[in-house]
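# Geometric and topological summary
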Amino acid sequence: MLKNAPQQYKVALYVRKSSESEERQILSIDSQISHLRELAEQKGFLIKEIIEDAASAYKASNRPGFDLLMQRINQQQIDIILCWKGDRLARNMTEGGKIMDLLQEGKIKGILTPYQHYYPEDNILPLAIELGMAKQYSNDLSKNIKRGNKTKIDRGGFCHRPPCGYLNNRFEKTIIKDPDRFKVVKKIFQLMLTKQYSMPQICTIANEQWGFKTRQTKRMGGNPLKVSTLHKILTNPFYYGLVRNGNHQKIGNHTPMISQGEFYKIKDILKSQGAQKPNEKMFFAYTNLFRCQECNCSITAEEKIKYNCPKCKKKQGAKNPKQCTCGFQITKKIIQKGRHYTYYRCTKKKKLANGRKCSQPCIRKEILEEQILHHLSSINLHTEFIEFAKKALDLFTAQENKQKGLKQKKNQQKQGLIEKQLINAMKMRMADEISAEQFLSLKIELEKEKRFIQKNKIQSKDWKKEAKQSLEQVQNIRKRFLNLSPKEKKTLLNKLGSNPTLFNQKLLPDWKKHYSIFSSLQEAKTYRLESPLSQSISDLNQCEKEHHISWWSKLDEVRTFLSTEKQE
Ligand SMILES: [Zn+2]
Ligand SMILES: [Zn+2]
């Protein structure tokens with residue numbers, strides 16, 4: 001373990017290119033560095049130096065980078081080494097010996113790879129194995145090349161729908177310029193940077209003077225530029241090179257359209273223009289939760305306002321102040337005082353297979369909400385019953401934990417044994433009692449066993465906690481739902497359902513499986529609830545067991561579902 005704050009260490013990355021097939025390895029050294037940078041960031045290290053060796057060295061003499069590293073360590077300018085694997089650092093016994101000496105003397109305070117950490121106070125044998133076993137080289141090489149390829153895709157930032165101005169090259173998994181749009185979108189950025197134009201003005205110029213159309217796909221596109229689309233373009237960091245990959249952000253390989261500086265300049269310009277993301281002011285609880293069953297588009301919301309002109313009493317629906325046909329100026333105040341309605345409707349973005357547009361009508365918010373409440377009642381469970389079910393779950397798991405404990409103990413014993421065997425093998429190898437090949441095959445075998453045990457360990461997760469949380473989730477859910485804020489309502493519905501749809505103003509819910517199993521537990525509340533659980537399942541008398549047989553089996557179903565789901 002490291003005793004000081006991570007920033008206090010003098011950290012070097014050491015990477016080495018293999019001489020085998022230079023071309024194929026170029027990416028590998030890149031990815032070594034990027035992975036090690038990530039490792040350093042994780043640990044909170046500041047990287048002082050990156051040291052690189054180009055040559056492969058079975059001979060100890062031909063590595064200027066390695067020599068430099070040793071020199072830095074001896075002069076106490078570096079005390080932590082990050083490397084991809086021990087086999088990068090040293091590939092023969094002489095070099096391995098040097099490193100082990102420096103570590104034991106404490107001149108090296110730690111050697112870290114993405115998989116292993118070695119510190120002076122640790123047993124030296126595992127490091128010796130990693131450093132000394134040059135024979136495994138050929139095995140590792142093929143693995144590392146595979147890793148290099150994977151990184152290429154990661155770093156290339158191939159994504160399935162690149163933004164306007166770019167296209168996918170599906171064969172090479174790269175992103176290329178859209179020959180029809182790249183230049184136009186770039187001109188749009190430049191126009192914005194002049195600060196002379198508003199977003200609607202830019203849309204007009206793009207559509208009318210430059211003939212801009214969004215990219216035509218099978219069912220979408222071919223449309224003129226809208227303000228909302230323009231806003232998305234102007235605020236998308238992809239245009240200066242950033243690619244999102246799950247939770248990671250990386251600089252992609254595509255040609256950026258603007259610089260990062262320009263991106264932030266535009267952000268400021270938009271702010272000064274008071275531009276808001278359309279609809280940002282209104283939050284609708286039920287958007288993007290449901291799909292239209294007819295055309296599979298998502299359901300969106302819209303607010304409508306109705307009021308009468310105070311002078312001529314004509315019905316009005318405009319959201320912004322304007323003059324009525326009778327000449328009366330309608331003010332903001334009049335509009336605010338009008339009746340506001342929220343409608344939910346299909347976005348109808350895609351054309352149906354027969355070329356027609358989706359025919360689904362819109363639905364008033366109140367009617368939709370009523371249906372949601374109705375469906376929530378179906379998975380509503382009462383507090384009394386939930387307490388009861390929790391106790392039952394405890395009983396279910398007590399037995400399971402007992403078995404788990406036994407298994408864990410066994411696993412620990414097994415693991416200890418394997419480690420002993422490894423060290424023994426190492427000793428035998430050092431005393432030359434077995435050949436390098438014999439040692440290697442033994443080592444591979446033992447490590448395979450070790451991994452198997454560790455894998456088993458990871459799989460046994462605590463499903464009970466989740467079952468309890470899920471039970472609490474549906475506790476008096478109907479009543480609770482009414483008191484939630486729109487945002488909380490959305491979050492809750494997202495948790496409960498997987499793919500609900502709307503058809504002819506009817507909501508067709510699709511609760512996630514364990515919630516629907518819970519809902520069938522409702523019937524249990526008709527049974528006598530006072531303490532049917534004595535000390536354990538086996539203590540239940542026959543009568544009670546029969547009485548509660550249906551929900552016992554339901555609870556068991558939930559348990560099976562949750563515990564197997566976690567393992568996949
Ligand atoms: Zn539709
Ligand atoms: Zn009027």
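Residues numbered from 1 in each chain as written. Chains lettered and ligands numbered in written order. Predicted model: local features only at pLDDT ≥ 70, side-chain atom pairs only at ≥ 80, totals over all residues. Heavy atoms only, no water.

- The name an unreviewed UniProt entry assigns to the protein is Resolvase/invertase-type recombinase catalytic domain-containing protein, from the organism SAR324 cluster bacterium.

### Here's the deal with the pattern of salt bridges
- This model, assessed by the stated rule, comprises eight salt bridges.
- With its nearest N and O atoms 4.0 Å apart, the salt bridge here joins K107 to E105.
- Assessed through its relative accessible area of 53%, E105 is described here as exposed.
- The residue E366 makes a salt bridge to R364 at a minimum N-O spacing of 3.2 Å.
- Classification of E366 as partly exposed rests on a relative accessible area of 43%. (Salt bridge = Lys/Arg side-chain N within 4 Å of Asp/Glu carboxyl O. Buried < 20%, exposed > 50% of the residue type's maximum accessible area, 1.4 Å probe, protein only.)

### Here's the deal with the sheet that holds strand β4 (residues 110-112)
- Within the open sheet, the five strands sit side by side as β2-β1-β3-β4-β5. Their pairing is mixed. Edge positions in the open sheet fall to β2 (47-53) and β5 (117-118), since each of these has one partner strand only.
- Pairing geometry for β4 and β5, over two bridges, is antiparallel. When the bridges of β5 are listed, I111 appears paired with Y118. (Pairing = 2+ DSSP bridges. Helix = DSSP H or I, 4+ residues; strand = E, 2+ residues; numbered from the N terminus.)

### Examining empty space enclosed by the protein
- Counted according to the given criterion, the structure contains three cavities of 30 Å³ or more.
- Volume-wise, the largest cavity comes out at about 60 Å³.
- Forming the walls of the largest cavity are I299, Y344, R345, C346, Q360, P361, I363, L502, F503, N504 and Q505.
- Secondary-structure elements contributing two or more residues to the lining of the largest cavity are β15 (339-346) and β17 (501-503).
- Here the lining of the largest cavity takes three residues from β15, the largest share from any one element.
- Partitioned by chemical class, the residues of the lining of the largest cavity number seven nonpolar, three polar and one charged.
- Of the residues that make up the lining of the largest cavity, three or more belong to each of domain 3 (291-360) and domain 4 (384-565). (1 Å grid on protein atoms, 1.4 Å probe; cavity = no way out; pocket = protein on both sides within 12 Å on 5 of 7 lines; lining within 4 Å. Points joined across faces, edges and corners; volume = space filled by probe spheres on them. Nonpolar A, V, L, I, M, F, W, Y, C, P; charged D, E, K, R; others polar. Domains from an automatic or database assignment.)

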